[in-house]
Amino acid sequence: MPEKRILMSGNEAIAEGAIRAGCAFYAGYPITPQNELIAYMAKNMPKAGRVFIQAESELAAINMVYGASAAGFRAMTSSSSPGISLKQEGISYISGAQLPAIIVNIMRGGPGLGNIAPAQSDYFQATRGGGHGDYRLIVLAPASVQEAYDLTREGFALADKYRIAVMILGDGVLGQMMEPVTLAGKNAGKPFPKRWALTGCKGRKPNVVKSFFMAEGGLEKANLDLQKKYKIIEKKEKRYEGLFLKDAELILVAYGTTARIAKNALFRLRGKGRKVGLIRPISLWPFPADAFRMPGRKARYLTVEMSYGQMVEDVKLSSGCAEVDFLGRSGGGIPGEEEIVNKVNRMMI
Amino acid sequence: MKKIFTRPEALKDAPNHYCPGCGHGIAHRLIAEIVDETGIREKVIGVAPVGCAVVAYDYWNFDCSEAAHGRALAVATAIKRLRPQNIVFTYQGDGDLAAIGTNETIHAANRGENLTVIFINNAIYGMTGGQMAPTTLVGQKTATTPSGREGKGHGYPLKISEILSLLPGVCYVERVSFQDPQHVLKAKAAIKQAFLNQIKGQGFSLVEILSPCPTYWGMSPKDALDWTRDVMQKEFPLGKIK
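Residues numbered from 1 in each chain as written. Chains lettered and ligands numbered in written order. Predicted model: local features only at pLDDT ≥ 70, side-chain atom pairs only at ≥ 80, totals over all residues.

Asks: When you look at the overall build of chain A in this model, what are you seeing that I'm missing?
Replies: When its secondary structure is counted, chain A shows eleven helices and 15 strands. In terms of C-alpha radius of gyration, chain A reaches 20 Å, essentially the compact-globule figure of 20 Å for 349 residues. Oriented by its inertia axes, the alpha-carbon framework of chain A measures out at about 70 × 50 × 45 Å. A buried classification covers 55% of the 349 residues belonging to chain A. Of all intrachain contacts in chain A linking residues separated by at least 6 positions in sequence, the fraction that spans at least 24 positions is 78%. (Helix = DSSP H or I, 4+ residues; strand = E, 2+ residues; numbered from the N terminus. Rg over C-alpha atoms; globule rule 2.2 N^0.38 Å. Buried ≥ 20, exposed ≤ 12 C-beta atoms within 10 Å, placed from the backbone. Contact = placed C-beta atoms within 7 Å.)

Asks: Would you explain the overall build of chain B in this entry?
Replies: A tally of helices and strands in chain B yields nine helices and seven strands. The principal-axis extent of the C-alpha atoms belonging to chain B is close to 50 × 50 × 30 Å. Each of the 242 residues in chain B was classed as buried or not, and the buried ones make up 56%. For chain B, long-range pairs separated by at least 24 residues make up 66% of all intrachain contacts whose partners lie at least 6 apart in sequence.

Asks: How should the sheet that holds strand E12 (residues 276–281) of chain A be read in this particular structure?
Replies: All names here are of chain A. Pairing in this open sheet of five strands is mixed, and the strands run E10-E12-E11-E14-E15 from one edge to the other. Two strands bound the open sheet, and with one partner strand each, they are strand E10 (240–243) and strand E15 (325–328). If you compare each strand with its neighbour and ignore which way they point, the axes differ by 20 degrees on average. Packing against the sheet, helix H9 (residues 256–271) makes contact with E10, strand E11 (250–253), E12 and strand E14 (300–305), and its axis sits at approximately 165 degrees to E12. Against the sheet, helix H11 (residues 337–347) touches E11, E12, E14 and E15, its axis set at about 160 degrees to E14. (Pairing = 2+ DSSP bridges. Axes fitted to C-alpha atoms, helices over the stretch in contact; angles between N-to-C directions.)

Asks: I tried to follow helix H3 (residues 58–70) of chain A on my own but got confused; where do I start?
Replies: An α-helix turns once per 3.6 residues; consequently, residues spaced three or four apart project the same way. All names here are of chain A. For H3, with 13 residues, the first-to-last C-alpha span of 18 Å sits near the 18 Å given by 1.5 Å per residue. Buried residues dominate H3, accounting for 13 of its 13 residues. Backbone geometry just downstream of H3 places Gly 72 in the positive-phi region, at approximately 100 degrees. (Expected span 1.5 Å × (residues − 1).)

Asks: Is there a simple way to think about the interface of chain B and chain A in this case?
Replies: Reports often express the size of an interface as the amount of accessible area lost when the parts come together. In this assembly, 28 residues from chain B lie in contact with 31 residues from chain A. Looking at which element gives the most residues to the side of chain B that touches chain A, the answer is helix H2 (residues 72–82) of chain B, with eight residues. Counted by class, the side of chain B that touches chain A contains 14 nonpolar, six polar and eight charged residues. With two bridges connecting them, strand E9 (residues 208–209) of chain A and strand E2 (residues 63–66) of chain B associate as parallel partners. Along E2(B), the bridge assignment pairs Val209(A) with Ser65(B). (Nonpolar A, V, L, I, M, F, W, Y, C, P; charged D, E, K, R; others polar.)

Asks: How should the environment of Val44(B) be read in this particular structure?
Replies: For Val44(B), the position within the fold is in strand E1 (residues 44–48). By C-beta crowding, Val44(B) is classed as buried, having 27 other C-beta atoms within 10 Å. Every residue in contact with Val44(B), bar those within four places of it in the chain, is listed here: Gly200(A), Val35(B), Phe62(B), Asn86(B) and Ile87(B).

Asks: What's the story with the sheet that holds strand E7 (residues 239–240) of chain B in this structure? I'm lost.
Replies: The strands that make up a sheet are held in pairs by hydrogen bonds between backbone atoms, and each pair lies either parallel or antiparallel. On the basis of which strands lie adjacent, the open sheet formed by eight strands has the order E9(A)-E2(B)-E1(B)-E3(B)-E4(B)-E6(B)-E5(B)-E7(B) and mixed pairing. Here the strands that pair on one side only, and so sit at the sheet edges, are E9 of chain A together with E7 of chain B. Sheet topology places E1(B) next to E2(B); four bridges connect them, and they run parallel. Note that in E2(B) the partner of Ala48(B) across the bridge is Glu66(B). The sheet strands contacting helix H7 (residues 181–199) of chain B are strand E3 (87–93), strand E4 (116–121), strand E5 (170–177) and strand E6 (204–210) of chain B, and the helix crosses E5(B) at an angle near 165 degrees.

Asks: What's the story with unusual backbone geometry in this structure? I'm lost.
Replies: Excluding glycine, residues mostly have negative phi values, and the peptide bonds linking residues are mostly trans. All names here are of chain A. A cis geometry characterises the amide bond from Thr 32 onward to Pro 33, with omega recorded as 10 degrees. Turning to its location among the elements, Pro 33 is positioned in the loop between strand E2 (25–28) and helix H2 (35–44). That bond from Gly 110 to Pro 111 is cis: its omega, 0 degrees, falls within 30 degrees of zero. Tracing the chain through its elements places Pro 111 in the loop between strand E5 (101–107) and helix H5 (123–128). Of note in the backbone geometry, Gln 98 takes a positive phi value of approximately 55 degrees without being a glycine. The exposure class of Gln 98 is buried, given the 20 C-beta atoms found within 10 Å.

Asks: Mind showing me how you'd approach the domain arrangement of chain A here?
Replies: Residue and element names in this part refer to chain A. The domain architecture assigned to chain A consists of domain 1 (5–236) and domain 2 (241–347). In this structure, domain 1 and domain 2 have C-alpha centres spaced 28 Å apart. In this complex, domain 1 contributes 26 residues to the contact, which on the side of domain 2 involves 22 residues. Breaking the side of domain 1 that touches domain 2 down by element, the ones donating at least two residues are H5, strand E6 (138–140), strand E7 (165–171), helix H7 (172–176) and helix H8 (218–236). (Domains from an automatic or database assignment.)

Asks: Explain the packing of helix H1 (residues 10–20) of chain A against H2(A) to me, please; I cannot follow it from the model alone.
Replies: The relative placement of two packed helices comes down to the angle between their axes together with the axis-to-axis distance. All names here are of chain A. At their nearest, the axes of H1 and H2 sit 8 Å apart, and the two run at 40 degrees to each other. In terms of orientation, H1 and H2 fall into the oblique class. For the pair H1 and H2, the sense of crossing is right-handed. Touching Asn 11, Glu 12, Ile 14, Ala 15 and Ile 19 of H1 are Glu 36, Leu 37, Tyr 40, Met 41 and Asn 44, all from H2. Per-class residue counts for the contact of H1 with H2 are six nonpolar, two polar and two charged. (Parallel < 35°, antiparallel > 145°, perpendicular 65-115°, else oblique. Left-handed = near helix turned anticlockwise from the far one by under 90°.)

Asks: Sorry, what's going on with the environment of Glu37(B) here?
Replies: Take Glu37(B): it is sitting in helix H1 (residues 24–37). The spacing of Glu37(B) and Pro8(B) is 29 residues in sequence and 9.1 Å in space, taken between C-alpha atoms.

Asks: Where do I start with the packing of H3(A) against H2(B) in this structure?
Replies: Relative orientation of the contacting elements H3(A) and H2(B) amounts to 45 degrees, with a least axis distance of 7 Å. The orientation of H3(A) with respect to H2(B), classified from their angle, is oblique. Crossing of H3(A) over H2(B) shows right-handed handedness. Contact residues: Ala60(A), Asn63(A), Met64(A), Tyr66(A), Gly67(A), Ala68(A) and Ala70(A) in H3(A); Ala74(B), Val75(B), Ala76(B), Thr77(B), Ala78(B), Ile79(B) and Leu82(B) in H2(B).

Asks: Please clarify how the pairing of strand E3 (residues 51–54) of chain A should be interpreted in this entry.
Replies: Look at any regular strand and the pattern is simple: side chains alternate between the two faces of the sheet. Residue and element names in this part refer to chain A. Burial along E3 is one-sided: the residues Val 51 and Ile 53 are buried and none of Phe 52 and Gln 54 is. Summarising the sheet, E2 and E3 pair through four bridges and their orientation is parallel. If you follow Gly 28 over to E3, its bridge partner there is Gln 54.

Laid out in structure tokens, this is it:
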């Protein structure tokens, strides 16, 4: 019998994915366009015997996630761009204390209050570390509702495995559009032993969860431990989808919602005999640099984004190309299929 | 020979970093004694602040978490909700609890979280070098009020305990002082009450301690104790508030 498919929004799929991944704690604060997510959690977390809290602020929400994770439980918060800016303090502490956590950002337009239209303009903030200190997040960018569900579940396993915060980076389109989803499996990976967690010190020495290292050399050592972990993640956890890369003379680079539009443009261009390919980074950090380093490739790159080119420098650094073309809009506009086709036609004259 | 006085098991054999005459050492010890007396050492989880007591976990012999400045009650809320069988407390100074963390404080109290809060009021920011705290007295000179605090403009001493006592979610609020041994014992009784309330599931309990900071008050340890009695208490009267 085929798996049952149900119609869900991206926001709901992330929420359901989290619940089925064993998320024991969720705290959030209302903000558009991710309100379906917090509402889904409010309705379904208590039913599953989990903890849901509507926090008094984004700061409180992320620090509650810090506490929940310190206590040894899978925990998640979600928000949209301005709210994620507020959470950066907590994300830095979570990173310093090496706590697993899931942070969902359903991006909207900025800077400032911006608007509530979909955007991808938090790429720098997500991939460069929006808070203080030398830290990284694993950043996963789904391009469909099914993938939003799957990557959320996978995110919990990665977070536990590496003791790291994982960001699910979507946008308002992905959060609110509805697609059929197959809800497979019940758990995201095996449970990880958390000997560092705060449970009460019965039968062992006390545990302390902290990011503060005052003793001489202490912080440097802690930072080097983080860097070692990040190197392993960079080696092992890069994810992307590649299409028609073998003979491509021009490669579109896009993630999330814009990757769907770029894919449509790609098929149209291939239909006209244009040798065009697509790289869709799924992990934005670690960035799938390998996809850009195929021996003998002489393709040009065109990144398509709902930002003003925040991903361009990663494409430059990965491909070694000094010139990378860019097509993007942000602030309410979405780059259209027609625009991409026209741009490629102009580039390939 | 019968041992009649010893270090509590909940307190590590570690020299602390506090200044002579500071109240933190007394507060740490009282909590450790109560943890031992109530038999909760193996299930208590402390949440340390940012401030002078940032490394309180180096002195307590039980599980602890750091919290970002002001966020202790958000961290503690999640731990207690997920581990209701554990005993969870926060230890916070005046800047942490009543300035940068006011929002977390008021809302955790308003939700009636079953937590114990030990609130150290020394009317100053100690860790950073003696700046104005929300509880600094009018006229008190600090690094950021060099001519003395003026109510209008700098703000009046914030009576956060009285504010919290108005909230239906709050179970117990008492203000105590470390001015002399007799009052230290009274403080211990209040802290114990705040822990017992949580053990019995009665909800949010807070004990505010008027605690000396001789270094940044510019006083001898003895004068600092007298100042909590003769000056601070006029603004912050002792006793059970709720």
